[in-house]
Amino acid sequence: MTNPFSRIVKPLDASQPEKKFFSLNHLDDPRYERLPFSIRVLLEAAVRNCDGFLVKKDDVENILNWNAMQHKAIEVPFKPSRVILQDFTGVPAVVDFAAMRDAVKILGGDPEKINPICPADLVIDHSIQVDFNRRPDSLQKNQDLEFERNKERFEFLKWGSQAFQNMRIIPPGSGIVHQVNLEYLARVVFDQKGYYYPDSVVGTDSHTTMINGLGVLGWGVGGIEAEAVMLGQPISMVLPEVIGYKLTGNPQPLVTSTDIVLTVTKNLRQVGVVGKFVEFFGPGVTHLSIADRATISNMCPEYGATAAFFPVDEVSIQYLVQTGRDEEKIKYIRKYLQAAGMFRDFSNTSQDPDFTQIVELDLQTVMPCCSGPKRPQDKVEVSEMKKDFETCLGAKQGFKGFQIAPEHHSNRVKFVYNDKEFELAHGSVVIAAITSCTNTSNPSVMLGAGLLAKKAVEAGLTVKPYVKTSLSPGSGVVTYYLRESGVMPYLAQLGFDVVGYGCMTCIGNSGPLPESVVEAITQGDLVAVGILSGNRNFEGRVHPNTRANYLASPPLVIAYAIAGTIRIDFEKEPLGVNAEGKKVFLKDIWPLREEIQAVERQYVIPGMFKEVYQKIETVNKSWNALEVPSDTLYAWNPKSTYIKSPPFFEKLTLELQSPESVVDAYVLLNLGDSVTTDHISPAGNIARNSPAARYLTNRGLTPREFNSYGSRRGNDAVMARGTFANIRLLNKFLSKQAPQTIHFPSGETLDVFDASERYQQAGHSLIVLAGKEYGSGSSRDWAAKGPFLLGIKAVLAESYERIHRSNLVGMGVIPLQYLPGEDAESLGLTGWERYTIIIPEELVPRMNVQIKLDTGKTFQAVMRFDTDVELTYFQNGGILNYMIRKMAS
C-alpha cells in the first residue's frame, strides 16, 4: 500500500524540490508540539515507514497520543536509521549471519537474502589489552599482540565486510565505538533516497546511548535483536514514559562532567527510570558542552533508562563544526530540524514539552565524587572516600562491604618489584586507568588530567612503579590535542602513556598485574583497588585481583595513582612529598575550569578531526594486509578455536513446532540480586582451571594463547563453557563465591558447565532462580545464548534488566517474573525442588502461568513476553529462527 501520510511530504527547499521530508507540523495536530522531542523521533520514523504491515496507521496514532497512552504498555514498532556494533558483539552477529545463510540454503531459500538492509557500522575496539604499559613502545607492542591473538577473528570480519552489503568495518586501532560514533559516524540527519529524516541508532553495546548527547536517539539492544533490525525488521517496544530532567545553575569551578554524571546516575537510580526515556531540558543544559552531555548519556545504562536524550540545539551545531563535519550537511541539518519541529532552544520555556514526571538538579550543588567500590550508582563524595572505604572494609559482604575482620584492617604486606621493596595494604591502588569513551571523548577532563599531570611533575610528584597506569583514548584526536597542547610528556612521565585505542581496562582488558603484586594481595587477603575513568566497576570486571574498583574523572585517576591509596583525605593529607621535603596537596595542582577551557579553545580544532577521520578506514597497515576469500557462504574451518558454526539451527524446519511445557526441571543456579551479564557471560580472561581452559588445552593451545572470553564469542563451545564462569559468582547453593553449583542427582559440586552437561546427557531440563535486576550491565547476547546452550529453559527472577530480558526472548528462553509482593523467600523456595512450568496453547503477552513443584506446591508467575511480536519469536524458538523461516519460505 502507499504511505497514508504521503500528503505531508514537502520539499525542504523550494530550489531543490527533489529533496523532501515528512513535515510532522503538517499533521495539523496540536498534540505534536506537546510531545517530548525524543518521542517526536519515534513518531517521524513511524510516519515515514507506515506501510500498513510492519508499521500501521494505528501505531502512528498511538505515538501521537503519547500523553494518554504512556502508562498503558502500548506496543509500537520503531525502525532505526542504522545499527552500530563493536567486535565482541559484532563477531557473533556476523557468525549468526553466516550460519543463517547456510540454514536458508539448506531449507531451499536464497542465502543472498540474508544481508543487512539497514546500514551497519562495526568498530573493532574490544580486542586490545593492556599487556604493556609505562614504556615508549607500549602502543605498538599491544597492537602487535592484538593482531597476533585476533588475526583469525579479524580475517572473518574482513570477509563479512566484503560478503555482506551495507556493512562498514572500522579497523582496530581507530578508537572506541561510541566516541567514533560521536565524532565521525553520526549523521544527525540522514539524506537518503531523496528524503531527509532524523538519525537514530540501535547498537550491540549498552553504551550506544552516548550518542543521545548529540541529539541522535539511540540505545543498546541485544545482538540478536540488532540482527533483525539489520534485516529490515522494526524493533517492537513499549511506548515509554519520558522523565523530564531539568538542569539549572552552573557547575562549580572544581567540578568535572564525571562528577555530574555520577551524581545524575545516583539520582536517577533513586527515582527509578528502568524502561523509560530521560529527556534533559532547562537553562542548565546550555552550560554543558556536547562532550559533557555525551558523558551523561553514556552512563544511561547505569541509571537504568532506555535513552537519555538531549535534543539538538545551537551547541550541537557548533560541535558538528568543531569536529569537522561538512558545511553543506550542517546547513541542511539545522534547516531540516527547524522545519520538522525538532530543533531546541533550551532558554525558551514555551518549547518545553509535556513529561511523565519532572526531576530537577541544580548543577551548582554537584560536588567532586567517585563511585564504588562495586557499582556505578554508589556515589561517594571525594571528601568521604577514605571514611567510606574503611566502613566498607568491615561491612557485611555485599555491594558496600568486604567483611574483613577488624583485626585485619591494618594488614600490610611487603613485596619486591624491580629490585626495590614496597608495601601494600587494604585500599592500595594497583590499577589506575584513564580509559573509556565515557571520559576520553571529553576534551575538558582529558586536558584537565594533562594539566594536573604537568603541575604534579613540576611539583616533584611521582607514581609508584608497580601501579599499572595506562591511557587508552577513544580516538586519535585525543592524542593529537594532548600532544599539541604540550601535556603528553607529563602524562607519560607519570606512567600514563598511550597503550592503545580501544575499551581496554573499562571492559576488563586490563592485562596482568606484576606477579609480586598479585602474590602480596593474595598473601594478605588485601582489598586492592582499581581506579578508572570508566562507566562500570562490577565485581570481577576490571581485574580479578582488584576487589574494590572506583569510577572517577581522569584528573582524579591520576591523583589517586600518585597517592597510591584510596585511604586519603585530600583536604587534610598531602598527595606526596617531593625531593625537597615539601608536602604537595591536591588543591596545589588541580587546574581551574577557565584554565582548561582556554587550552581547549586553542588546541581542539576541526582540522584535527578531519585529519584523523579521513584516513580511519585505511590507516591500519596490518588490517590492509589481510587477505580473505570473497565467497557468499563462509568456509568454516573445523580446526578454528575462534570462529565456529553455531548449533542454533541444526534441527530447524520450515514448519512451526508448538512450544512445550517445561517438565520436572532442576535448578542449575540459585542467584541473588543484581546478577550482571558479567556474572553470566564474562568478557575477561579465561581462568586456567575453567571448563573453557580445558577445552582450549585439549585443542592444543597454551594459556598464553587463551585470549579472553570476549574475543572468543565466535565459538559457541568456548562460550557455553564460559557461561556463569565468573569467579565472583555467588550461588546460594554454595557457601562461597565460585563459578560452581551442586549437581543434585549425585550431590557433587561441579563447574556450572560440567553440571549442565550431566543434566542434559540425562535428558533433564534446567531453570535458574534469581532476584532483582537480573542481567544488569552490558548488553551481551551470549548471556542469553550461553544459558540456552546449557539447557536452561526458563529464568525465574524478581525483575530483569531491559536488554537482557529481550535477549532471553530472542533465544526462546522463558523470562518468568514473580507476582508483585512475592519472591523466592516469601514462597519458601530453596532451589532444591523440581519445577514444572505449564505453557498453555493460547498465549497472550504478560500472562500468568502456573508453576508446579515436586513438593506439591503450586504458584503463579508472569511470563514476560511483553508484546505479540515477542510471543511470535518464542513460538518460533527465537528471533533468528523466525527470520530464517521468513527468508527461506
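Residue numbers here run from 1 along each chain, matching the order of that chain's written sequence. Reporting in this predicted model follows two pLDDT cut-offs: at least 70 for local features of residues, and 80 or more for side-chain atom pairs to be given and counted; totals over whole chains, interfaces and linings ignore these cut-offs and use all residues. Side-chain measures were taken over the full set of non-hydrogen atoms in the model, leaving aside hydrogen atoms and water.

1. Concerning the overall build of the chain
Okay, so step 1: Helix and strand counts for the chain stand at 32 helices and 34 strands.
Okay, so step 2: The C-alpha extent of the chain, read off along each of the three principal axes, is 80 × 80 × 55 Å.
Okay, so step 3: Classification of the 889 residues of the chain by burial places 64% in the buried group.
Okay, so step 4: As displayed, the chain offers around 31,800 Å² of accessible surface, 48% of which is attributable to carbon and sulfur atoms.
Okay, so step 5: In the chain, 92 positive and 100 negative side-chain charges are present, and the distance between their average locations comes to 1 Å. Helix numbering and strand numbering both begin at the N terminus, where a helix is a DSSP run of H or I of at least 4 residues and a strand a DSSP run of E of at least 2. Three exposure classes are used, based on accessible area relative to the maximum for each residue type with a 1.4 Å probe and protein chains only: buried under 20%, partly exposed in between, and exposed over 50%. Note on areas: Shrake-Rupley with a 1.4 Å probe; residue coverage comes only from the protein chains shown. Charge assignment: positive for Lys and Arg, negative for Asp and Glu; neither His nor the chain ends contribute. Lysine's charge is taken at NZ, arginine's at CZ, aspartate's at CG and glutamate's at CD.

2. Digging into the sheet that holds strand β2 (residues 20–22)
Pairing between the strands of a sheet is mediated by backbone hydrogen bonds and can be parallel or antiparallel.
Okay, so step 1: What makes two strands pair is DSSP finding at least two bridges between them. Read from one edge of the open sheet, 4 strands run β1-β2-β8-β7, paired in mixed fashion. One side of each edge strand has no neighbouring strand; the edge strands of this open sheet are β1 (9–11) and β7 (189–192). Across the sheet, the mean angle from the axis of one strand to that of its neighbour is 35°, orientation sign disregarded.
Okay, so step 2: When checking whether two residues touch, look at their non-hydrogen atoms; a contact exists if any pair is within 4.5 Å. Lines fitted to C-alpha atoms define the axes, with helix axes restricted to the stretch in contact, and inter-axis angles between N-to-C directions lie between 0 and 180 degrees. Of the strands in this sheet, β2 and β8 (195–198) touch helix α1 (residues 37–48), which is tilted by about 145° from β8.
Okay, so step 3: With respect to the sheet, helix α12 (residues 327–339) is in contact with β2, β7 and β8, its orientation differing from that of β7 by roughly 105°.

3. Section: the nonpolar core
Okay, so step 1: Grouping buried Ala, Val, Leu, Ile, Met, Phe, Trp, Tyr and Cys residues that are joined through side-chain atoms within 4.5 Å yields what is termed a nonpolar core. Judged by nonpolar contacts, the single largest core of 299 residues is most densely connected at Phe 280, Tyr 560, Phe 724 and Tyr 774.
Okay, so step 2: Ranked by residue count, the leading element in this core is helix α4 (residues 87–106), at 11 residues.
Okay, so step 3: Beyond its immediate chain neighbours, meaning those up to four positions away, Phe 280 contacts Tyr 245, Leu 247, Val 264, Val 285, Ile 296, Tyr 303, Ala 308, Phe 309, Phe 310, Pro 311 and Phe 346.
Okay, so step 4: Counting 11 residues, the second-largest nonpolar core is a separate cluster that includes Leu 701, Tyr 709, Ala 717 and Val 718.

4. Observations concerning the sheet that holds strand β9 (residues 200–203)
Okay, so step 1: Taken in spatial order, the 5 strands of this open sheet run β6-β5-β4-β9-β10, and their pairing is parallel. The sheet is open, and its two borders are formed by β6 (167–170) and β10 (217–220), each paired with just one other strand. Neighbour to neighbour, the strand axes of the sheet diverge by 20° on average, direction disregarded.
Okay, so step 2: Pairing geometry for strand β5 (residues 120–123) and β6, over 4 bridges, is parallel. Following the sheet pairing, Ala 120 is matched in β6 by Met 167.
Okay, so step 3: The strands that α4 touches are β4 (82–86), β5 and β6; relative to β4, the one it contacts most, it runs at about 110°.

5. Overview of the packing of helix α15 (residues 443–458) against helix α19 (residues 554–563)
Okay, so step 1: In the contact formed by α15 and α19, the axes pass within 7 Å of each other and the chain directions differ by 30°. Put simply, α15 runs roughly parallel to α19. Together, Val 445, Met 446, Gly 448, Ala 449, Leu 452, Ala 453 and Ala 456 of α15 and Pro 554, Pro 555, Ile 558, Ala 559 and Ile 562 of α19 make up the contact between the two elements.
Okay, so step 2: Among the residues making up the contact of α15 with α19, the classes are represented as 11 nonpolar, 1 polar and no charged. By definition in this entry, angles of less than 35 degrees are roughly parallel, angles greater than 145 are roughly antiparallel, angles of 65 to 115 are roughly perpendicular, and the rest are oblique. Note on residue categories: nonpolar means Ala, Val, Leu, Ile, Met, Phe, Trp, Tyr, Cys or Pro, charged means Asp, Glu, Lys or Arg, and polar means any other residue, Gly included.

6. Side note on the environment of Ser 735
Okay, so step 1: In this fold, Ser 735 is placed in the loop between α26 (716–721) and β27 (740–743).
Okay, so step 2: Residues Ser 735 and Val 445 lie 290 residues apart in sequence; the distance between their C-alpha atoms is 43 Å.

7. Digging into unusual backbone geometry
Okay, so step 1: Of note, the bond from Gly 372 into Pro 373 is cis; its omega dihedral lies within 30 degrees of zero at 10°.
Okay, so step 2: Considering the arrangement of structural elements, one finds Pro 373 in the loop between β16 (369–371) and β17 (379–381).
Okay, so step 3: Here the phi dihedral of Met 504 falls at roughly 50°; this positive angle occurs in a residue that is not glycine.
Okay, so step 4: The topology assignment puts Met 504 in the loop between α17 (488–493) and α18 (515–523).

8. Concerning the pairing of strand β13 (residues 277–281)
Side-chain direction in a regular strand flips from residue to residue, so the side chains alternate between the two faces of the sheet.
Okay, so step 1: Burial analysis of β13 places 5 of its 5 residues in the buried class, which makes it a mostly covered element.
Okay, so step 2: Here β13 shows two buried faces, one formed by Phe 277, Glu 279 and Phe 281 and the other by Val 278 and Phe 280.
Okay, so step 3: As paired strands, strand β12 (residues 242–248) and β13 are joined by 5 bridges and run parallel to one another. Paired with Tyr 245 across the bridge in β13 is Phe 280.
Okay, so step 4: Handedness of the crossover joining β12 and β13 through helix α8 (residues 257–271): right-handed.
Okay, so step 5: Where β13 lies against strand β14 (residues 307–309), 3 bridges are found, and the strand directions are parallel. Residue pairing for β14: Phe 277 is matched across the bridge by Ala 307. Assignment of crossover handedness uses the view with strands pointing away from the viewer, where a clockwise path from the first strand over the helix to the second indicates a right-handed crossover.

9. A look at α12
Okay, so step 1: Multiply 1.5 Å by the residue count of a helix minus one, and that product is the helix's expected span. Helix length check: α12, at 13 residues, gives a terminal C-alpha distance of 19 Å against a target of 18 Å (1.5 Å per residue), a fit within 8%.
Okay, so step 2: Turning to α12, its buried residues number three or more, namely Ile 330, Tyr 332, Ile 333, Tyr 336 and Leu 337.
Okay, so step 3: For α12, the secondary structure elements touched by its buried residues are β2, α1, β7, β8 and α11 (314–322).
Okay, so step 4: In protein, a polar contact means a hydrogen-donor-capable atom and an acceptor-capable atom, both N or O and within 3.5 Å, with residues adjacent in sequence counting only if both atoms are side-chain atoms; elsewhere, any N or O pair within 3.5 Å suffices. The residue sitting at the N-terminus of α12 and contributing the capping side-chain oxygen is Asp 326; that oxygen lies 3.0 Å from the backbone nitrogen of Glu 328.
Okay, so step 5: Positive phi appears at Gly 341, one or two residues downstream of α12, with a value of about 75°.

10. Examining the pattern of salt bridges
A pair can form between side chains of opposite charge whenever their charged atoms are brought close.
Okay, so step 1: Any carboxyl oxygen of Asp or Glu within 4 Å of a side-chain nitrogen of Lys or Arg constitutes a salt bridge here. Taken as a whole and assessed by the stated rule, the structure comprises 45 salt bridges.
Okay, so step 2: A salt bridge links Arg 31 to Asp 29; its shortest N-O distance comes to 2.8 Å.
Okay, so step 3: Residue classification places Arg 31 among the partly exposed residues on the basis of a relative accessible area of 27%.
Okay, so step 4: Take Asp 29: its relative accessible area is 19%, and that puts it in the buried class.
Okay, so step 5: Measuring nitrogen to oxygen at the nearest pair gives 3.1 Å for the salt bridge that ties Arg 153 to Asp 87. Pair noted here: Arg 153 is in helix α5 (residues 138–163) and Asp 87 is in helix α4, with a separation of 66 residues, a long-range link. One exposure class covers both Arg 153 and Asp 87, and it is buried.
Okay, so step 6: Among the ionic contacts, a cluster of salt bridges with common partners joins Arg 805, Arg 846, Arg 864, Asp 866 and Glu 870.

11. As for the environment of Gln 322
Okay, so step 1: Within the fold, Gln 322 resides in helix α11.
Okay, so step 2: For Gln 322, a relative accessible area of 22% corresponds to the partly exposed category.
Okay, so step 3: As a C-alpha pair, Gln 322 and Trp 219 span 103 residues in sequence and 25 Å in three-dimensional space.
Okay, so step 4: In contact with Gln 322, other than residues within four places in its own chain, are Glu 600, Val 604, Ile 605, Pro 606 and Phe 609.

12. Quick look at the packing of aromatic side chains
Pairs of aromatic rings are described using the distance from one ring centre to the other and the angle between the two planes.
Okay, so step 1: Between 30 and 60 degrees the pair is tilted, below 30 it is stacked and above 60 it is edge-to-face, where a pair is any two Phe, Tyr or Trp rings, Trp via its six-membered ring, whose centres lie within 6.5 Å. Within the structure shown, the criterion is met by 34 aromatic pairs.
Okay, so step 2: A ring pair is formed by Phe 865 and Phe 874, whose centres lie 4.5 Å apart and whose planes are at 25°; its orientation type is stacked.
Okay, so step 3: With relative accessibility at 0%, the residue Phe 865 sits in the buried group.
Okay, so step 4: Phe 874 gets classed as buried once you look at its relative accessible area, which sits at 7%.
Okay, so step 5: Three or more aromatic residues link up through ring pairs in this structure, and these residues are Phe 97, Phe 156, Trp 159, Phe 164, Tyr 634 and Trp 636.
Okay, so step 6: Any Lys NZ or Arg CZ found within 6 Å of a ring centre and within 35 degrees of that ring's normal is scored as a charge over the ring. Across the ring face of Phe 132, the terminal group of Lys 141 is positioned such that the distance to the ring centre comes to 5.1 Å.
Okay, so step 7: The lysine or arginine in question, Arg 483, covers the ring of Tyr 480, its NZ or CZ lying 5.4 Å from the ring centre.

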